[in-house]
Every structure is written in C-alpha cells, then in structure tokens.
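The residues making up each chain are set out below.
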Amino acid sequence: MISFLEFIVFILFCLYAFKEAFSYGIYEFKNENKFGGVFVIVFSLFSIILSIVALCIS
C-alpha cells in the first residue's frame, strides 16, 4: 500500500508527463502530422488514466 504523499507525487509526475506529451502532440498537429499529433495526445491521456487506476486498485 502506498502512502498519500507518494500518491500525490505520482499524480504530479503524471500531470507533468501529460503536459509534455500534450505539447508535443500540438507541435506535431501543427506541423502537418495531424494523425500523429492526435495519436500522441490520446495515447498519453489513456496511459496516464490507466496508470492511476492501476495504482488505486493495487
């Protein structure tokens, strides 16, 4: 079982990773790679949601 502080640090790290992935997805979307940009944003969103859910379950 993880403590509340570890959970908060993990959430902050996930939000930072999502911000970076979202920024890169917007960059790709604006540079004529629309499918790649959308894929990066959606994949990063789902991976962060699933990692938080998996952490809560365990």
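Going by the structure above, here's the rest.
Residues numbered from 1 in each chain as written. Predicted model: local features only at pLDDT ≥ 70, side-chain atom pairs only at ≥ 80, totals over all residues. Heavy atoms only, no water.

Trainee: Help me understand unusual backbone geometry in this model?
Mentor: Non-glycine residue glutamate 32 carries a positive phi angle of around 65 degrees. Structurally, glutamate 32 can be placed in the loop between α1 (4-30) and α2 (34-57). (Helix = DSSP H or I, 4+ residues; strand = E, 2+ residues; numbered from the N terminus.)

Trainee: For this particular structure, what's the right way to read a nonpolar patch on the surface?
Mentor: A surface patch of nonpolar side chains, about 820 Å² in accessible area, is lined by Phe29, Val38, Val42, Leu45, Phe46, Ile49, Leu50, Val53 and Ile57. The element best represented in the nonpolar patch is α2, accounting for eight residues. For valine 53, the location among the structural elements is in helix α2. Given a relative accessible area of 39%, valine 53 falls into the partly exposed group. (Patch = residues over 30% accessible without salt bridge, like charges linked within 9 Å, V, L, I, M, F, W, Y side chains within 5 Å. Areas by Shrake-Rupley, 256 points an atom, 1.4 Å probe, with all protein chains shown as cover. Salt bridge = Lys/Arg side-chain N within 4 Å of Asp/Glu carboxyl O. Buried < 20%, exposed > 50% of the residue type's maximum accessible area, 1.4 Å probe, protein only.)

Trainee: Where do I start with the environment of tyrosine 16 in this structure?
Mentor: The topology assignment puts tyrosine 16 in helix α1. Overall, the relative accessible area of 48% leaves tyrosine 16 in the partly exposed class. With 38 residues separating them along the chain, tyrosine 16 and alanine 54 place their C-alpha atoms 18 Å apart.

Trainee: What is the right way to read the pattern of salt bridges from this model?
Mentor: Pairing of side chains with opposite charge becomes possible as their charged atoms draw close. What the rule picks out here adds up to one salt bridge. Across the salt bridge formed by glutamate 20 and lysine 19, the nearest N and O atoms sit 3.1 Å from each other. For glutamate 20, a relative accessible area of 36% puts it in the partly exposed group.

Geometric descriptors of this kind do not, in isolation, establish any biological role.
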